[in-house]
Amino acid sequence: MPKKLDGVTIAAAIKQQVAEEVRALAAQGVRPGLAVVLVGHVAASEIYVRGKVQTCADLGIYSDLITPPDTTTTEELLDLVAALNDRDEIDGVLVQLPLPKHIDAKVVLDAISPAKDVDGLHPMNAGRLQAGRPALAPCTPAGVIEILKRSGIVIAGQNAVVVGRSDIVGKPAAMLLLQENATVTICHSKTRDLGAVTRQADILVAAIGRPGFITPEMVKPGATIIDVGINRLNTREEFDQFFAGNAKREATFAKRGSTIVGDVHPAAFELAGAYTPVPGGVGLLTIAMLMANTVRAAKMRRGL
Ligand SMILES: NC(=O)c1ccc[n+]([C@@H]2O[C@H](COP(=O)([O-])OP(=O)(O)OC[C@H]3O[C@@H](n4cnc5c(N)ncnc54)[C@H](OP(=O)(O)O)[C@@H]3O)[C@@H](O)[C@H]2O)c1
């Protein structure tokens, strides 16, 4: 039986440790603070941001939610980021993506002080990560490493294949795996004979954004599969492609009119030695690692 790597338990353990660190910092007169900037009204972003603010409250982290209207300009956002960079009670600045199309997201993200870049997206942090220096790493890939380590899965010496090369998931996941001494291959849309490469993977990380893209024949039996993908299935046809006959999923679909599937086909998990489910896997780690990064940023900025 493949082992299910339980994101719920792992995220809870990380959050508990963060809460302990927050208490220890409070004894030194320090309260970590996170500023979350949510521009406009994107329903999914509003849900994510609510989760981030609530988790801050749960763990004793100060948070400031700033909600500029979607008419905000790049220049106005740059002024806001500059002000947050200067505020001493703010240790982390997070600009929720996606931003409205008229805003130059790269310019805004690059304006965040690297010391407060808790999403780990500033080129300075990406460079530090690549150079093996202490860096704030992007939360989702950092969560992938936590899942592997806390589940006792050996990384050193293993063939790790990462499918996807985004700045937010694929590339940093590959760098973090390399730092843990895996032999890393990065695949993308131009990779030839992808299945031949993924079949070499002892650890397979899928960060593609395509429902059920990794099929059983692309998996080496016994591999650890980390599914980063989150894809919503809205139609009966899409649902049946992945979950026909699955009573539990059927109930969710009937209730909500949709369900989610990762980038790995559910049938591929059956071949795995261990795997992260969707939902209930990697997705839950992202907020936990954001909290961990905020506390880390608070300590690093004060030399603690
Ligand atoms: N909290 C979380 O759990 C979390 C956080 C972030 C993202 N996600 C999910 O993770 C997934 C990936 O997100 P992302 O932001 O990294 O997506 P992205 O920026 O769209 O990147 C997708 C990557 O997949 C590659 N790709 C696309 N089609 C491919 C194909 N046919 N064969 C091989 N590679 C292919 C692309 O290659 P090219 O570079 O060649 O185009 C690209 O590098 C999404 O499902 C997203 O929802 C989850």
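These lines cover the structure that appears in this document, whether it is placed above or below. What you are looking at is a predicted structure, and each value in this text was computed from that prediction instead of being measured.

## What to know about the overall build of the protein chain
In terms of helices and strands, the protein chain carries twelve helices and eleven strands. For 304 residues, the compact-globule estimate of 2.2 N^0.38 gives 19 Å, and the protein chain sits close to it at 20 Å. C-alpha atoms of the protein chain, sized along the principal axes, occupy 50 × 45 × 35 Å. Counting all 304 residues of the protein chain, 47% fall into the buried class. Partitioning the intrachain contacts of the protein chain with sequence separation of at least 6 by distance along the chain shows that 72% fall at a separation of at least 24. A total accessible area of about 14,400 Å² is found for the protein chain, and carbon and sulfur atoms account for 54% of it. Charge separation in the protein chain, taken as the distance between the mean sites of 32 positive and 31 negative side-chain charges, equals 5 Å.

## Side note on the site of the ligand
What surrounds the ligand is a group of 22 residues, the closest being Arg165, Ser166, Ser189, Ile230 and Thr286. With respect to the ligand, the side chain of serine 166 contributes an N or O atom lying 2.5 Å from an oxygen atom. One of the backbone nitrogen or oxygen atoms of isoleucine 230 is found 3.1 Å away from an oxygen atom of the ligand. Notes on the ligand: free accessible area 930 Å², of which the protein chains cover 71%.

## Regarding the packing of aromatic side chains
Counted according to the given criterion, the structure contains four aromatic pairs. Taken together, the aromatic side chains of Phe239, Phe242, Phe243 and Phe253 make up a single cluster linked through ring pairs.

## Structural notes on the nonpolar core
If you look at the biggest cluster of nonpolar residues, it comprises 52 residues, and the most contacted ones within it are Leu177 and Ile226. At the level of secondary structure, the elements contributing two or more residues to this core comprise helix 1 (7-27), strand 2 (33-37), helix 2 (43-59), helix 6 (139-150), strand 5 (159-163), helix 7 (170-179), strand 7 (203-206) and helix 12 (285-301). Filtering out sequence-adjacent residues up to four positions away, isoleucine 226 remains in contact with Leu5, Val144, Ile147, Leu148, Leu204, Val205, Ala206, Thr276 and Val282.

## Concerning the pattern of salt bridges
Throughout the structure, instances matching the rule amount to twelve salt bridges. Ionic pairing is found between arginine 87 and aspartate 64, a salt bridge with its closest N-O pair at 3.0 Å. Here aspartate 64 lies in strand 3 (residues 62-66) and arginine 87 lies in the loop between helix 3 (74-86) and strand 4 (92-95), a separation of 23 residues in the sequence. Salt bridges linked by common partners bring Asp88, Asp91, Arg301 and Arg302 together as one network.

## A word on the sheet that holds strand 6 (residues 183-187)
Spatially, six strands are ordered 1-11-8-7-5-6 in an open sheet, and the strand pairing comes out parallel. Of all the strands in the sheet, the pair left with one neighbour each is strand 1 (3-4) and strand 6. Relative to the sheet, helix 6 contacts strand 7 and strand 8 (224-227), its axis offset from that of strand 8 by approximately 150°.

## So, the pairing of strand 6
For strand 5 and strand 6, the ladder comprises five bridges, and the chain directions are parallel. Across the sheet, residue alanine 160 finds its bridge partner in strand 6, namely valine 184. Of the crossover connections in this fold, the one passing from strand 5 over helix 7 to the parallel strand 6 is right-handed.

## Some thoughts on the packing of helix 9 (residues 236-243) against helix 10 (residues 247-256)
Contact geometry of helix 9 with helix 10 gives a least axis separation of 11 Å together with a crossing angle of 165°. As far as their axial angle goes, helix 10 and helix 9 are roughly antiparallel. The way helix 9 lies across helix 10 gives a crossing that is right-handed. Contacts from Arg236, Phe239 and Phe243 of helix 9 reach helix 10 at Arg249, Glu250 and Phe253. Of the residues contributing to the contact of helix 9 with helix 10, the split by class is three nonpolar, no polar and three charged.

What counts and what doesn't
- Residues numbered from 1 in each chain as written.
- Predicted model: local features only at pLDDT ≥ 70, side-chain atom pairs only at ≥ 80, totals over all residues.
- Heavy atoms only, no water.
- Helix = DSSP H or I, 4+ residues; strand = E, 2+ residues; numbered from the N terminus.
- Rg over C-alpha atoms; globule rule 2.2 N^0.38 Å.
- Buried < 20%, exposed > 50% of the residue type's maximum accessible area, 1.4 Å probe, protein only.
- Contact = heavy atoms within 4.5 Å.
- Areas by Shrake-Rupley, 256 points an atom, 1.4 Å probe, with all protein chains shown as cover.
- Lys, Arg positive; Asp, Glu negative; His and termini not counted.
- Charge placed at Lys NZ, Arg CZ, Asp CG, Glu CD.
- Near = heavy atom within 4 Å.
- Polar contact = N/O pair within 3.5 Å; in protein donor to acceptor, adjacent residues only side chain to side chain.
- Phe/Tyr/Trp six-rings, centres within 6.5 Å; stacked < 30°, edge-to-face > 60°.
- Core = buried A, V, L, I, M, F, W, Y, C linked by side-chain atoms within 4.5 Å.
- Salt bridge = Lys/Arg side-chain N within 4 Å of Asp/Glu carboxyl O.
- Pairing = 2+ DSSP bridges.
- Axes fitted to C-alpha atoms, helices over the stretch in contact; angles between N-to-C directions.
- Right-handed = clockwise from strand over helix to strand, strands pointing away.
- Parallel < 35°, antiparallel > 145°, perpendicular 65-115°, else oblique.
- Left-handed = near helix turned anticlockwise from the far one by under 90°.
- Nonpolar A, V, L, I, M, F, W, Y, C, P; charged D, E, K, R; others polar.

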